[in-house]
Amino acid sequence: MIPTYDLNLLTSLDMLLAESSVNRAAERLGLSNSAMSRTLSRIRETFGDPILVRAGRSLVPTPRALELRETVRQVLESAEALRIAPQKPDFKQIDRVFDVRANEGFVFQYGGKLIKAVSREAPGIRLSFVIKAEKKPNALRDGQIDLDIGVLGESGPEIRTQTIQRDRFVGVVRADHRLSSHETISAKDYAEAHHVSVSRRGLFSGPIDKALEIIGLRRQVSAVVTSFPSALSVARTTDLIASVPERQTAEARRDMYTFPLPVETEEVRVSMMWHPRSEHDPVHRWLREHVRQLCST
């Protein structure tokens, strides 16, 4: 006989694994703590596993629970997709706000183009760009943001991820900088110049410095800013070199002198991330496609 499972039981299991707390899971599902506890007992009996076990004052998932997590999510998403009628939305009639977390460089390069493309097809859709202060997936899980764009940081196992752009770092100086007359800039010339670096945490050292150390060189970082457009603004009015992603800063680098970095650095991979609850939302999917197309050009 093929075993059957109550879909509501899987929904409760999904929430318990997401929260690792009976109290928080009960609150999000609109249940009492006692009802949630009874449901957890049913889940344990159904799957023949404790699912969540005590670790100090917290609950942690068992290995079996970790194995089940992604499968349960897929089953629930498939069930939701069956429930929703596949109707094409009337974009002219949609009134909706999307909260998009991205860094200042992305907004500078693509924000205006994305707004223009969106408003052309769906004038009632508005975009709210949120500064990327952190990379944790909590904001996606809690519904605080709809889309997360940037270099992939900490992510949850359920978060959907798609690479939308590959980039590389380049060096940039003002048009009349002494290095702008060089056909090629050596690692020695690069290291001996003064630099403005980018770090949200105020760090004066990063991957470029490690690459220089390998060949016995060290650069002088005179200033640290929190965004690539800010670094380029500083480089425009000083003798400092800004090292920035090439594709994401094309507009901000206009009329400046750009050169390949004389040291090897890792490829910059920009990703788009969203929560599974938005996977089958046709409007969300439409927005993701616009972002993907913009970043692929």
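Each chain has its residues counted from 1, following the order in which its sequence is written. Where totals are concerned, whole chains, interfaces and linings use all residues; where local detail is concerned, this predicted model gives features only for residues with pLDDT of at least 70, and gives and counts side-chain atom pairs only at 80 or more. For the side-chain quantities, the full set of heavy atoms in the structure was used; hydrogens and water were omitted.

## Overview of the sheet that holds strand E7 (residues 169-173)
Hydrogen bonds between backbone groups are what pair the strands of a sheet, and the pairing can be parallel or antiparallel.
1) Next: If you walk across this open sheet you meet the 5 strands as E9-E8-E10-E7-E11, and the pairing is mixed. With one partner strand each, in any of the chains shown, strand E9 (220-225) and strand E11 (257-260) form the two edges of the open sheet. For this sheet the average axis-to-axis angle between neighbouring strands, irrespective of direction, equals 35 degrees.
2) Next: Summarising the sheet, E7 and strand E10 (residues 241-245) pair through 4 bridges and their orientation is antiparallel. When the bridges of E10 are listed, Val170 appears paired with Val244.
3) Next: Sheet contacts for helix H9 (residues 228-236): E7, strand E8 (194-198), E9 and E10; angle to E10, the most-contacted strand, approximately 150 degrees. In this analysis, strands are considered paired if DSSP registers two or more bridges between them. By definition, any uninterrupted DSSP run of H or I lasting at least four residues is a helix, any uninterrupted run of E lasting at least two residues is a strand, and each is numbered from the N terminus. Working convention: axes come from line fits to C-alpha atoms, limited for helices to the stretch in contact. Angles between N-to-C directions cover 0 to 180 degrees. The contact definition used throughout considers only heavy atoms, calling two residues in contact when any of these lie within 4.5 Å.

## Focus on the pairing of strand E5 (residues 147-151)
1) Next: Only protein chains enter the area calculation, which uses a 1.4 Å probe; residues under 20% of their type maximum are buried, those over 50% are exposed, and those in between are partly exposed. Counting buried residues along E5, 4 of its 5 residues qualify, which places the element largely inside the surrounding structure.
2) Next: Where strand E3 (residues 96-102) lies against E5, 2 bridges are found, and the strand directions are parallel. Residue pairing across strands places Arg101 opposite Asp148, the latter belonging to E5.

## Regarding the pattern of salt bridges
1) Next: We define a salt bridge as a side-chain nitrogen of Lys or Arg found within 4 Å of a carboxyl oxygen belonging to Asp or Glu. Counted by the stated rule, this structure contains 18 salt bridges.
2) Next: We note a salt bridge from Arg269 to Glu267, for which the minimum N-O separation is 3.7 Å.
3) Next: Residue Glu267 is classed as partly exposed on the basis of its relative accessible area, which comes to 45%.
4) Next: Through salt bridges with shared partners, a single network forms among Glu19, Arg24 and Arg28.

Fair warning: the whole summary comes from geometry, so function is off the table for now.
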